[in-house]
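Given next are the chains, with one letter for each unit.
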Amino acid sequence: MKTVRSAPLPGKPRLTTSAMIASIAAEGQKTKPAPFGHALVELARSRPDVVGMTADLGKYTDLHIFAKEFPDRYYQMGMAEQLLFGAASGLAAEGFMPFATTYAVFASRRAYDFIHQTIAEEDRNVKIVCALPGLTSGYGPSHQAAEDLALFRAMPNMTVVDPCDAHEIEQLVPAIAAHRGPVYMRLLRGQVPVVLDEYDYKFELGNAKLIRDGKDVLVISSGIMTMRALEAVQSLKNDRIDAAVLHVPTIKPLDAETILREAGKPGRLVVVAENHTTIGGLGEAVAAVLMRSGVHPRFRQIALPDEFLDAGALPTLHDRYGISTAEVARQIIHWL
């Protein structure tokens, strides 16, 4: 594992180790604290079957808010992720709806077989909510879940969602609770940016939404990359590039109809932007839909490389691996 030690740019402060944590909000950006924790509390007020579970990470998945409000419905399972998901399956079998939280690396790598056999195969109503997805931690491969979407997309019965911001998380929690069956949700925690409220956005499970239209390029994105795409749009305007942004929060099942409709419009470059490895995520899912349907636009992908990523400050890493706002805009300009 290499550590990035970059010198500060002129006029910019030197980044400290605090910049390695999962903070994706830009300076001065509007945020909300712990939207998942607060949304789960609101859900639990009307749903006595909801329980919160974690593997020694309540504070770091915002589940401590639920624990304070409903201590008798909160289960701290210790540093034992296989036990966490096995117990969640058992509670679901008895009629409860567990929201089980951990880091994405631990669910996708350490406990995958337990989720596969006890939750997915049994089609249990467990909501798996995982922090530090993709490159939202600077602590190197041990904490960077760059391949989680590929793994959970491949699991039968599993619904997979990747929210953009706090506004969407607040809507997503009751939506996945209303869905009967296992769900894997990527979690943004702590001070989470608020972006989609400006676009009158409403989350609907299974549906992609065109956030803004444009004639030159269509960016198909999920998670934090929708935020990056919307930010890049403003920069692209300076180069007289008119960009559309199609937000795809539900990775599985994929909204093929909307993707084909938008990608099939003539004359636009189609760019898939994702906070995930190039292999097995949204980009390849979209490419497969286009190829199978005979729709062949100019196609490019913004994603993390197929390699173990460096450790370092998140802003530096996002620039290095091409998923910062500036890099998204630069790559689109280059391709056009």
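Residues numbered from 1 in each chain as written. Predicted model: local features only at pLDDT ≥ 70, side-chain atom pairs only at ≥ 80, totals over all residues. Heavy atoms only, no water.

## Description of the overall build of the protein
Here is step 1: Looking only at helices and strands, the protein features twelve helices and 14 strands.
Here is step 2: Relative to the globule expectation of 20 Å for 336 residues, the C-alpha radius of gyration of the protein, 19 Å, shows essentially globular dimensions.
Here is step 3: The C-alpha extent of the protein, read off along each of the three principal axes, is 55 × 50 × 35 Å.
Here is step 4: Each of the 336 residues in the protein was classed as buried or not, and the buried ones make up 56%.
Here is step 5: In the protein, of all internal contacts separated by at least 6 residues, the share reaching a separation of at least 24 is 79%.
Here is step 6: For the protein, the accessible surface area stands at approximately 14100 Å², while carbon and sulfur atoms represent 52% of it.
Here is step 7: Of note, the protein has its 35 positive side-chain charges centred 4 Å away from the centre of its 38 negative side-chain charges. (Helix = DSSP H or I, 4+ residues; strand = E, 2+ residues; numbered from the N terminus. Rg over C-alpha atoms; globule rule 2.2 N^0.38 Å. Buried < 20%, exposed > 50% of the residue type's maximum accessible area, 1.4 Å probe, protein only. Contact = heavy atoms within 4.5 Å. Areas by Shrake-Rupley, 256 points an atom, 1.4 Å probe, with all protein chains shown as cover. Lys, Arg positive; Asp, Glu negative; His and termini not counted. Charge placed at Lys NZ, Arg CZ, Asp CG, Glu CD.)

## Some thoughts on the environment of Y103
Here is step 1: By the secondary structure assignment, Y103 is in strand β4 (residues 97–103).
Here is step 2: When the C-alpha atoms of Y103 and L57 are compared, they prove to be 8.0 Å apart, with 46 residues separating the residues in sequence.
Here is step 3: Discounting chain neighbours no more than four positions away, the residues touching Y103 are L57, Y60, C130, A131, L132 and H143.

## Quick notes on unusual backbone geometry
Here is step 1: K252 connects to P253 through a cis peptide bond whose omega is 0 degrees.
Here is step 2: Mapped onto the elements of the fold, P253 is located in the loop between β12 (250–252) and α9 (256–263).
Here is step 3: Positive phi, normally seen in glycine, also occurs at A34, with a value near 45 degrees.
Here is step 4: Secondary-structure assignment places A34 in the loop between β1 (31–33) and α1 (35–46).
Here is step 5: Positive phi values are uncommon outside glycine, yet N157 reaches one of about 75 degrees.
Here is step 6: Among the structural elements, N157 can be located in the loop between α6 (148–153) and β6 (159–161).

## What to know about the environment of G181
Here is step 1: Its location among the elements puts G181 in the loop between α7 (166–178) and β7 (183–187).
Here is step 2: The buried category is assigned to G181, whose relative accessible area is 2%.
Here is step 3: Once you skip the residues sitting within four places of it in the chain, G181 turns out to touch D123, R124, N125, V126 and K127.

## Things to note about the confidence of the model for the protein
Detailed reading of the predicted coordinates is not advisable wherever pLDDT falls low.
Here is step 1: The share of residues in the protein with pLDDT of 70 or more is 93%, and the mean pLDDT across the chain is 94.
Here is step 2: Between residues 1–7, whose pLDDT stays under 50, and residues either more than four places distant or in other chains, the model counts 16 contacts. (pLDDT = per-residue confidence, 0-100.)

## Comments concerning the sheet that holds β12
Here is step 1: Pairing is mixed across the open sheet formed by seven strands, whose spatial order is β3-β2-β4-β5-β7-β6-β12. Every interior strand has two partners, whereas the edge strands, β3 (74–76) and β12, have only one. Along the sheet, successive strands turn relative to each other by an average axial angle of 20 degrees, direction set aside. (Pairing = 2+ DSSP bridges. Axes fitted to C-alpha atoms, helices over the stretch in contact; angles between N-to-C directions.)

## As for the packing of helix α8 (residues 224–237) against helix α12 (residues 325–335)
Here is step 1: At their nearest, the axes of α8 and α12 sit 8 Å apart, and the two run at 60 degrees to each other. One finds that α8 runs oblique with respect to α12. α8 and α12 meet at a crossing whose hand is right-handed. Contacts from M225, R228, E231, A232, S235 and L236 of α8 reach α12 at T325, V328, A329, I332 and I333.
Here is step 2: Taken together, the residues that form the contact of α8 with α12 break down as seven nonpolar, two polar and two charged. (Parallel < 35°, antiparallel > 145°, perpendicular 65-115°, else oblique. Left-handed = near helix turned anticlockwise from the far one by under 90°. Nonpolar A, V, L, I, M, F, W, Y, C, P; charged D, E, K, R; others polar.)

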